[in-house]
Amino acid sequence: MKLFKKFPDTLTIILVITVIFIALTWIIPAGQFDRETVNNTEKIIAGSYKRVSQQPQGIQAFLSAPIKGFVSASLIIAFVFLIGGAFGIINGTGAINAGLFNIIKFSENRPKYKVFIVPAIITLFSFAGATFGMSEEILIFILITVPMAKAMGYDAIVGTAIPIVGTGVGFGGAFSNPFTIGVAQGIAQIPIFSGMEYRLFVWFTLTAIACFVITRYAIKIEKNPEKSLLYGTTSEDTNSMVKMDHMELTIRRKLILLSLLFSIIILIYGVSAYSWYITEICGLFFALGLTAAIIYQLPISKAIDDFTEGAKEMMPAALVIGLAKGLLIITQEGKIIDTILNSIVAITEGTPKVISVEFMMFFQSLLNFFIPSGSGQAALTMPILIPISDILGISRQITVLAFQLGDGLTNIILPTSGVTMGALTIAKIPYNTWFKWCRNLLLFLVITSMLLLLPPLLLFEW
């Protein structure tokens, strides 16, 4: 008798991983590095690793991890609910659907331009990931890109891949991301955002691959909808391609769309110039929802109903984000992360340069499974990898590049990433379907990244 009659859903996957992590706290010896705080960043002190008393987690950890995860991720969860509510009001005005209808009409009247719409939007998301580190914000745009893709004759996978893969390759090929490049280069004691020329080439290469693969899939299913990985699934009603009914783009709806565009511009500026995070972004889009209600002259009762309905749609995503955060707490309380870090880094010492630099990238990808946070990984690994790279004769710029490639790309598929799993939940895409679609793309990106690490190592000094 099979344990699962069908592939388990997202919540089940996370609970299974929780059990695995608890088991690891019994198997992996507990240990920790000494840490110091420099410029508000907690860093590991290289060579300070020591064993500590075992901290095995058990039933109590399994039962308490969800609530601890919810407390730890409370800002993100509140963000999801309030953003969902704000977009519920905007959707209630019909402004987004009317705008999408006009995009579809434009692509139908000028079919030769339609093929450029998806790659153009992917590039924008990639640029956002590469510059100001867009991450949680993609949960906002899933509410726009999925209906847009479906209305264009594609499927929800295309609409979900645009922001997830776009920001993923942006993170991997980042050239001025303060959360990855900034922190890592600061710890490595090299000028912040230096080496940008080659990183721009890396970013362009990875973004081009993402644009090609996603656009190719979109064109394929537009010609034959049966080739969609969602075709014929139990979620076909919500994820199959749809035809959007005509909705007039009235003056009021145009003003609402202009307000949305203006809010996105403010978002980009606020994050870049003033380090805005969830609180400020949430306030911005809550104000957008109120503005939309006022412009469209929605009755208060209708606006509240739309807000409540929009927030209710975010419930599955909020659950996923809270539970995923609980996974990290188990590894922290079990004190196994530093042991994993110390053991794997020890393997790197004494190996040839080419092997070592590739191993650094894969090591970061492995660590990303346990700690899906770029700045958190930088603070953990850079103080240890930098001395090793100096001994091996590998430039610090290459070490930072290996870190960012290993950290950024795997985010698009990790089941421990609250943002990725939350986005899939909002889009109603089963994880196994996403994994099946994404695995070849990720393999292509990883092989390309391995090759991109070689020129600065073998051909020129960086």
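In the block above lies the structure referred to throughout.
Residues numbered from 1 in each chain as written. Predicted model: local features only at pLDDT ≥ 70, side-chain atom pairs only at ≥ 80, totals over all residues. Heavy atoms only, no water.

Asker: Now, about the side chain of Thr 416: what can you tell me, with residues and values included?
Answerer: Among the secondary structure elements, Thr 416 is positioned in the loop between α18 (396-409) and α19 (418-427). Setting aside residues no more than four positions away along its own chain, Thr 416 makes contact with Ile 17, Phe 21, Ala 324, Leu 327, Asn 368, Phe 369 and Pro 372. (Helix = DSSP H or I, 4+ residues; strand = E, 2+ residues; numbered from the N terminus. Contact = heavy atoms within 4.5 Å.)

Asker: Describe the packing of helix α7 (residues 156-172) against α19, with residues and values.
Answerer: Interhelical geometry of α7 versus α19 gives an angle of 155° and a closest axis separation of 10 Å. Here α7 is positioned roughly antiparallel relative to α19, judged by the angle of their axes. In this structure, α7 crosses over α19, and the sense of that crossing is right-handed. Contacts between α7 and α19 involve Ala 156, Thr 160 and Ile 164 from the former and Thr 420, Ala 423, Leu 424 and Ala 427 from the latter. (Axes fitted to C-alpha atoms, helices over the stretch in contact; angles between N-to-C directions. Parallel < 35°, antiparallel > 145°, perpendicular 65-115°, else oblique. Left-handed = near helix turned anticlockwise from the far one by under 90°.)

Asker: Now, about the nonpolar core: what can you tell me, with residues and values included?
Answerer: Within the largest apolar cluster, 147 residues are counted, with the highest numbers of intra-cluster contacts made by Phe 87, Val 158, Val 165, Phe 285, Met 382, Trp 434 and Trp 437. Dropping the residues within four chain positions of it, Val 165 is found in contact with Ala 210, Ile 214, Ile 412, Trp 434, Trp 437 and Leu 441. (Core = buried A, V, L, I, M, F, W, Y, C linked by side-chain atoms within 4.5 Å. Buried < 20%, exposed > 50% of the residue type's maximum accessible area, 1.4 Å probe, protein only.)

Asker: Report on unusual backbone geometry, specifying residues and quantitative values.
Answerer: The backbone phi angle of Lys 335 is positive, close to 55°, even though this residue is not glycine. Within the secondary structure, Lys 335 is located in the loop between α14 (315-333) and α15 (337-348). With relative accessibility at 30%, the residue Lys 335 sits in the partly exposed group. Phi at Lys 428 takes a positive value of approximately 60°, unusual for a residue other than glycine. Along the polypeptide, Lys 428 turns up in the loop between α19 and α20 (431-452). A relative accessible area of 39% places Lys 428 in the partly exposed class.

Asker: Let's hear about the state of the cysteines: which residues, and what values?
Answerer: Cysteine pairs can be linked by a disulfide, which is a covalent bond between their two sulfur atoms. A full pass over the atoms with the stated rule returns zero disulfides. Here Cys 438 is not cross-linked by a disulfide; its sulfur's nearest cysteine counterpart is in Cys 211, at 15 Å. Using a relative accessible area of 0% as the deciding quantity, one classes Cys 438 as buried. (Disulfide = S-S within 2.5 Å.)

Asker: An account of the pattern of salt bridges is needed here, citing residue identities and associated values.
Answerer: Enumeration over the complete set of coordinates arrives at six salt bridges. Residues Lys 50 and Asp 34 are paired through a salt bridge, measuring 2.6 Å at the closest nitrogen-oxygen approach. Placement of the pair is Lys 50 in strand β4 (residues 50-51) and Asp 34 in the loop between β1 (31-32) and β2 (35-38), with a sequence separation of 16 residues. Its salt-bridge partner being Lys 114, residue Glu 222 comes within 2.5 Å of it at the nearest N-O pair. Of the two residues, Glu 222 is situated in helix α9 (residues 196-223) and Lys 114 in helix α5 (residues 111-131); the sequence distance between them amounts to 108 residues. What makes Glu 222 partly exposed here is its relative accessible area of 35%. A residue is classified by how much of its surface remains accessible, and Lys 114, at 13% relative accessible area, is buried. (Salt bridge = Lys/Arg side-chain N within 4 Å of Asp/Glu carboxyl O.)

Asker: Could you give an account of the packing of α7 against α20, naming the residues involved and the relevant values?
Answerer: It is the contact of α7 with α20, at a shortest axis distance of 12 Å, that shows an interaxial angle of 35°. Both α7 and α20 take part in a crossing whose hand is right-handed. Residues Ile 157, Thr 160, Ala 161, Ile 164, Val 165 and Val 169 of α7 lie in contact with α20, whose contacting residues are Thr 433, Trp 434, Trp 437, Leu 441 and Leu 445. When grouped by side-chain class, the residues that make up the contact of α7 with α20 number nine nonpolar, two polar and no charged. (Nonpolar A, V, L, I, M, F, W, Y, C, P; charged D, E, K, R; others polar.)

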